[in-house]
Every structure is written in structure tokens, then in C-alpha cells.
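Take a look at the letters that make up each chain.
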Amino acid sequence: MLKTKLVKAGFFGHGAVFLMVSPVTVNFSPLDLLNVNASKPLPVIYIQPDTTIFATDTVVLTPASFVAKAPCITISNTATAYVNKFIRQNREELEATEKRSKNYFRIIENVFAQYKLPAELKYLAVIESQLKPDALSHAGARGAWQLMPQTARDFGLKVSGKKDERTHFYKSTVASAKYLKGLHNMFGDWLLVIAAYNGGEGTVMKAIKKSGSRNFWKLQGFLPAETRSHVKRFIGAHYFFQAEGSLTVLTKAQTTAHLKAVEEYQEMINRQDQVTTISSGR
């Protein structure tokens, strides 16, 4: 059967083609428009001459340089090197923590969901205490979340000679959720939140002022060694347990850029769905 070439292969800079010519038979899959190699032209589209595309339908042609791949979260080469080193040096402790993490993580995830916090912040408890409710630091921080006495009291926990609710896993998790929520309202950046959780809000604010930046990777030199290491240990634990990143390992600027990429990707998928609808004759 004779076929009429409708669209030539190549780069389409204007997103849509409107056709008034009758359900459609197209000799390519709509996914072909998405799985395009940037170095190759788009596939040639042929339409049978006895078919019609209704005027209300829209065929969206994707630029050949745009590859349909979901945006992923990545970290710098320097951070990656640290993560690999951290996991290699602490694998035994991390694996031991992982074995007892199931019930603890479930509690944390439920609490954090109530406070609209990222579930991935649960890895903070891993580096704070290895999820041990009775952990006690030389500085007096106690519990799975290593809260100092006054901080614990500020967020509703009872801390006295007779009773110390920092060792109560659920209650201390609620207190930590409130603390983390407040820190994020202050800094709007999860890496700075984790730094402040360890070193205090004042320490992070001073680093921001001295460095002239709110980017952790730029201001880290103005933080105490323990605090900047704490943030990197969190990232390392995150990748050990999850093997991929989340918004909690990004700066605020990186988060904004990633969310924008996700939005653009979703818009492209929506356009692809329109192509699928046309090719199926709906």
C-alpha cells in the first residue's frame, strides 16, 4: 500500500502538529518519540492515506535532543568519594544497625509522616546513635536522637534524675521531629538542618555570615570539623541504606533545580500520553 510521508525526521523546535486528514494507523510506537538518541534524527512518521486524525487531536513531536529519562538525584564527585570511604570504613557497624532497624525505622517513618518530614531523615538517628535508645555521649546527649537535656525539655520531654524520656524511642522521635521541623523553617535546606542539629543554629548562622553563602559545600570550612563531618556521615548512611539520593542530600539550590527538572519531565510525559492516545485511536 502506498504510504504518504507526513513528517520528515529531524529536530522539531515547535511542539505540535495539527492534522485534519481520519482512527489513525501509525507505523511507530509513541515511545519511540521518547527513546530518542540525541545523535540520531527522530523516526519518520507515516500515515495510511485512508485514515483520519480528528481536528481535536494533537500530535506532539519531541525534540531529538530531549531524552525521556526521569531526573535522578546526584552528588558531587567529592561527596561520592567520601560516601564510598565512609561505607568502606564503617560497613560492619552499618550492617549491624541495619539488622535491627526495621521496627525503629517504622516508628520514625510514621512520626515523620505526621510532621511532613522526609522519611530519609531517619538515617540521622543511624549516625547519632546507631539507633540505640540508651546511647549516651560524653557531652551528655542521650537516646537514639542524642538530644541534650535542655533541647529535650524544649520539645516536651521530661528529663530529670528519676525520669529521662530521651531514652523512650517514640517520644524522643516526636521531639526530634519538632526540632527538625523548626530548623527547616529557619534554614530551608536539609544539609544546613543536619549541621545545625549537630552544632547548633548559632554555629551555622555564623558560618553563613563568614562565608557569605548558604551552600553547605561552600560554608563547610567555617563549621567545626565534627559538624561538617556529621553532615557527610549522614549522606554516607543514606546511600548505604538506600543506594540512591533524596532531597535531604541536596542544597536548597540543588533541590530547586531538581524539582524543576521533575516538573519538566512530567510535562513531557503528559505530552507523550497525548501521542499514545492518538495512536490507540481513542
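Refer to the structure above for everything that follows.
Model, not experiment: these values are computed from the prediction.

Analysis parameters
- The numbers attached to residues start from 1 for each chain and follow its sequence in the written order.
- At least 70 in pLDDT is required for a residue's local features to be given in this predicted model, at least 80 for side-chain atom pairs to be given and counted, and no such filter applies to totals for whole chains, interfaces and linings, which use all residues.
- Hydrogens are left out, water is left out, and the side-chain values use all remaining heavy atoms of the structure.
- Here a cavity is any set of points on a 1 Å grid over the protein atoms alone where a 1.4 Å probe fits but cannot get out, and a pocket is any open set with protein on both sides within 12 Å along at least 5 of 7 lines; a residue lines the site when it has an atom within 4 Å of a point.
- Grid points are joined across faces, edges and corners, and a volume is the space filled by probe spheres set on the points.
- A run of H or I in DSSP becomes a helix once it reaches four residues, and a run of E becomes a strand once it reaches two; helices and strands are each numbered from the N terminus.
- All amino acids are sorted into three groups, where Ala, Val, Leu, Ile, Met, Phe, Trp, Tyr, Cys and Pro are nonpolar, Asp, Glu, Lys and Arg are charged, and the leftover types, Gly among them, are polar.
- Here, a salt bridge means any side-chain nitrogen of Lys or Arg that lies within 4 Å of a carboxyl oxygen of Asp or Glu.
- Each residue's exposure class comes from its accessible area (1.4 Å probe, protein chains only) as a fraction of the maximum for that residue type: buried when under 20%, exposed when over 50%, partly exposed otherwise.
- Only Phe, Tyr and Trp rings are paired, with Trp represented by its six-membered ring, and only when their centres lie within 6.5 Å; those with planes under 30 degrees apart are stacked, over 60 edge-to-face, the remainder tilted.
- Two thresholds decide whether a charge sits over a ring: the Lys NZ or Arg CZ must be within 6 Å of the ring centre and within 35 degrees of the ring normal.

S.K.: Sorry, what's going on with the layout of surface pockets here?
M.R.: There is about 680 Å³ of room inside the largest pocket. Along the wall of the largest pocket there are 28 residues; nearest its centre are Glu128, Gln146, Asn198, Glu226 and His230. Elements represented by at least two residues in the lining of the largest pocket include exactly helix H1 (77-99), helix H3 (123-129), helix H6 (190-199) and helix H9 (225-242). For the lining of the largest pocket, the leading source of residues is H1, giving five residues. Residues that form the lining of the largest pocket fall into these classes: twelve nonpolar, twelve polar and four charged.

S.K.: Explain the pattern of salt bridges to me, please; I cannot follow it from the model alone.
M.R.: When the charged atoms of two side chains with opposite charge come close together, those side chains can pair. Applying the stated criterion to the full structure yields six salt bridges. The closest approach of N and O atoms between glutamate 165 and lysine 171, which form a salt bridge, is 3.0 Å. Assessed through its relative accessible area of 7%, glutamate 165 is described here as buried. What makes lysine 171 partly exposed here is its relative accessible area of 33%.

S.K.: In this structure, what is going on with the packing of aromatic side chains? I would like to understand it.
M.R.: The final tally for this structure, using the stated rule, is ten aromatic pairs. Ring geometry for tyrosine 82 and phenylalanine 86: centres 6.4 Å apart, planes at 15°, overall stacked. Of this pair, tyrosine 82 and phenylalanine 86 both sit in helix H1, four residues apart, roughly one helical turn. Tyrosine 82 sits in the partly exposed class, given a relative accessible area of 25%. Taken together, a centroid distance of 5.1 Å and an interplanar angle of 85° make the contact between phenylalanine 240 and phenylalanine 241 edge-to-face. Comparing phenylalanine 240 with phenylalanine 241 shows no difference in burial state: the two are buried. Of the aromatic side chains, those joined through ring pairs into one cluster are Phe105, Tyr123, Phe240 and Phe241. One residue, lysine 122, lies across the ring of phenylalanine 105, its end atom 4.7 Å from the ring centre.

S.K.: Please explain unusual backbone geometry as it appears in this structure.
M.R.: Most peptide bonds take the trans form, and the phi angle of most residues other than glycine is negative. Phi angles above zero are rare outside glycine, and leucine 131 is one such case at about 65°. Here leucine 131 shows up in the loop between H3 and helix H4 (149-154). Of note, alanine 243 is a non-glycine position whose phi angle comes to about 60°, a positive value. The residue alanine 243 is located in the loop between H9 and helix H10 (252-279) in this model. Judged by relative accessible area, alanine 243 falls into the exposed class, the value being 65%.

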